[in-house]
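Chain by chain, the residues run as shown.
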Amino acid sequence: MKKVIIISSAVFLLSSCGLYDKYERPGDVNATGLIRDVQSDADTLLLNSDPNFGQLPWREVFTDPQLQSLIETALANNTDLRNAALNVKMMEDMLKVAKLAFLPSVAIAPQGTISRVMTDGASASKTYQLPISASWSVDLFGNILSQKRSAQAQLMMARDYQVAAQTGIICGVANLYYTLMMLDEQLAIVTDMQGLVKETWDMMQLQMQLGRARSTSVQSAEASYYQIQAQAVDLKRQIREMENAMSLLLNEAGHHIDRGTFYGQSLPTKFSAGVGIELLSNRADVHAAEMQLAQCFYGVETARSRFYPNITISGNAMFTNNLGAVVNPGKWLLSAVGSLTQPIFQHGQIVAGLKVAKAQQEQAFNTWQNLILKAGNEVSNALLAYNSSDERSQLDQKQVEVLKKNVEDTRQLYTSKGSSYLEVIQAQTSLLNARISKVTDDFQKMQAVVNLYQALGGGSK
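Please read all numbers here as calculations on a predicted model, not as lab measurements. (Residues numbered from 1 in each chain as written. Predicted model: local features only at pLDDT ≥ 70, side-chain atom pairs only at ≥ 80, totals over all residues. Heavy atoms only, no water.)

Here we look at the overall build of the protein chain
Here is step 1 of the chain: For the protein chain, the count of helices and strands is nine helices and five strands.
Here is step 2 of the chain: Counted from the first residue to the last, the protein chain has its helices and strands arranged as α-α-α-α-β-β-β-α-α-α-β-β-α-α.
Here is step 3 of the chain: Counting over 461 residues, the protein chain shows a buried share of 38%.
Here is step 4 of the chain: Long-range contacts, defined as pairs at least 24 residues apart, comprise 82% of the intrachain contacts of the protein chain with a sequence gap of at least 6.
Here is step 5 of the chain: Of the accessible surface of the protein chain, which amounts to about 25,800 Å², a share of 56% is contributed by carbon and sulfur atoms. (Helix = DSSP H or I, 4+ residues; strand = E, 2+ residues; numbered from the N terminus. Buried < 20%, exposed > 50% of the residue type's maximum accessible area, 1.4 Å probe, protein only. Contact = heavy atoms within 4.5 Å. Areas by Shrake-Rupley, 256 points an atom, 1.4 Å probe, with all protein chains shown as cover.)

Dropping the structure here:
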């Protein structure tokens with residue numbers, strides 16, 4: 001009965017020292033007001049978390065079949081994602097090693113000798129040994145347990161980084177895809193405007209032949225035409241560069257990328273993001289930072305366990321005929337030893353190790369806290385970008401409608417000498433810029449959806 005009480009007391013004492021504790025999320029993490037309201041400076045955004053936009057499968061967010069095909073190719077071929085999968089495999093193997101540390105280690109080293117004295121004609125002497133040794137470290141103070149739990153946290157980190165890489169690839173392909181379509185649309189606008197400016201140039205040439213216009217107006221129209229042609233050349237260059245960037249993401253040589261039309265896309269327009277830290281529970285890099293904190297937590301437990309004795313039980317068995325005089329058949333020799341090693345003075349290494357482990361745990365907490373705030377900031381910025389781009393796009397559309405009429409009116413007035421050639425060119429330039437701006441704002445709205453999806457940890461499904 002006394003032995004039971006002593007053992008129970010010892011276990012309670014050790015558990016109170018924090019040698020067997022499991023990691024729990026700290027309660028002092030700051031996760032309030034992570035997302036600012038897009039309208040009010042004083043309020044923070046508290047959206048209903050059902051359903052969470054970041055938890056939608058990526059095929060439900062990006063519905064363009066050609067885009068889906070590109071994403072699938074990238075997920076199958078991308079080098080970063082392959083390396084992330086290999087990291088997961090390595091961490092799984094390390095966890096297996098950590099689990100096997102609870103079992104005894106066994107070694108066998110058979111030996112055999114044949115000797116003969118050549119001068120006396122005696123027969124050869126044959127000896128043999130078959131030693132087997134086993135050693136088992138008794139994990140009474142949680143050293144092996146904490147290392148196993150640390151390996152589990154490392155495995156979860158590796159899986160998180162794999163998901164984060166997958167999210168980055170999905171959103172990277174989507175952003176490049178929408179960029180290509182945006183450039184296509186801008187090129188179409190420039191090409192269309194190029195024809196309009198050419199008509200103006202031809203009209204001014206005719207007016208000059210009739211004596212109604214000066215050569216300077218014709219020269220200005222011609223220069224405007226060449227300027228728009230230069231814009232088209234630059235856009236074609238950008239399209240090629242984006243196609244090359246997309247090909248690299250697919251792990252392929254540069255080639256043409258098949259794609260749909262810019263205004264033929266359908267993306268979500270209503271978003272729900274959740275509240276507080278639950279908002280970011282789906283985000284892989286935030287969870288990976290928390291697993292780093294968990295790993296450091298178990299590192300502190302491992303450092304604490306080094307203050308306690310190391311208990312080892314070892315046994316040896318050997319089947320041999322080398323017992324002083326050769327004995328045939330051989331016989332077994334058995335031995336067992338128990339050892340206890342208590343560290344007393346190791347030049348302050350154990351104390352320093354514990355201090356370092358605690359400092360690393362504090363660093364991991366600070367990194368995790370900062371990443372939570374950063375993630376909330378990214379969500380806020382993506383929501384703000386979506387709303388402001390949508391508002392600008394509506395204003396751009398109104399401006400385009402006004403400028404279209406302005407171009408028609410100035411051209412008619414010019415033919416009747418009611419306006420100058422400068423007014424015609426200026427009206428056409430303003431219309432071109434407004435149409436380009438409209439496409440840019442619509443693209444930024446698309447990009448904001450992609451960035452919001454990534455900021456909320458989308459792409460894991």
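Once the structure has been displayed, the description carries forward.
Here we look at helix 4 (residues 79–100)
Because each turn of an α-helix spans 3.6 residues, side chains separated by three or four positions in sequence point in the same direction.
Here is step 1 of the chain: Taking 1.5 Å as the rise per residue, helix 4 with 22 residues should run 32 Å; its terminal C-alpha atoms sit 32 Å apart, in good agreement.
Here is step 2 of the chain: Its side-chain oxygen at 3.0 Å from the backbone nitrogen of Asp80, Asn78 defines the N-terminal cap of helix 4. (Expected span 1.5 Å × (residues − 1). Polar contact = N/O pair within 3.5 Å; in protein donor to acceptor, adjacent residues only side chain to side chain.)

Side note on the pattern of salt bridges
Here is step 1 of the chain: Scanning the entire structure with this criterion turns up 15 salt bridges.
Here is step 2 of the chain: Between Glu92 and Arg159 there is a salt bridge whose closest N-O contact spans 3.4 Å. One end of the pair, Glu92, is in helix 4; the other, Arg159, is in helix 5 (residues 143–209), with 67 residues separating them in the sequence.
Here is step 3 of the chain: Using a relative accessible area of 29% as the deciding quantity, one classes Glu92 as partly exposed.
Here is step 4 of the chain: A relative accessible area of 39% means that Arg159 is categorised as partly exposed.
Here is step 5 of the chain: The residue Asp390 makes a salt bridge to Lys445 at a minimum N-O spacing of 2.9 Å. Note that Asp390 is positioned in helix 8 (residues 349–415) and Lys445 in helix 9 (residues 421–455), a separation of 55 residues in sequence.
Here is step 6 of the chain: The partly exposed category is assigned to Asp390, whose relative accessible area is 24%.
Here is step 7 of the chain: Through salt bridges with shared partners, one network takes in Asp184, Glu243 and Arg259. (Salt bridge = Lys/Arg side-chain N within 4 Å of Asp/Glu carboxyl O.)

Let's talk about a nonpolar patch on the surface
Here is step 1 of the chain: Taken together, Val106, Ile108, Leu130, Ile132, Trp332 and Leu334 make up a surface patch of nonpolar side chains, about 620 Å² in accessible area.
Here is step 2 of the chain: Residue position: Val106 is located in strand 1 (residues 105–108). (Patch = residues over 30% accessible without salt bridge, like charges linked within 9 Å, V, L, I, M, F, W, Y side chains within 5 Å.)

Quick look at unusual backbone geometry
The general pattern is negative phi for most residues beyond glycine and trans for most peptide bonds.
Here is step 1 of the chain: Even without a glycine there, the phi angle at Asn251 is positive, about 60°.
Here is step 2 of the chain: Topologically, Asn251 is positioned in the loop between helix 6 (215–249) and helix 7 (284–305).
Here is step 3 of the chain: For Asn251, a relative accessible area of 41% translates into the label partly exposed.

Observations regarding the nonpolar core
It is characteristic of soluble globular proteins that their nonpolar side chains tend to be buried jointly.
Here is step 1 of the chain: Counting residues in each nonpolar core, the largest one holds 64 residues, and the members touching the most others are Phe53, Phe62, Leu67, Val173, Tyr178, Met246 and Leu452.
Here is step 2 of the chain: Listed by contribution, the elements that provide at least two residues to this core are helix 2 (58–61), helix 3 (65–77), helix 5, helix 6, helix 8 and helix 9.
Here is step 3 of the chain: With 19 residues, the single largest contributor to this core is helix 5.
Here is step 4 of the chain: Ignoring sequence-local partners within four residues, the contact set of Val173 consists of Leu67, Leu70, Ile71, Ala74, Met246 and Leu249.
Here is step 5 of the chain: In this structure, Ala153, Leu293, Leu371 and Ile372 belong to the second largest nonpolar core, which totals 16 residues. (Core = buried A, V, L, I, M, F, W, Y, C linked by side-chain atoms within 4.5 Å.)

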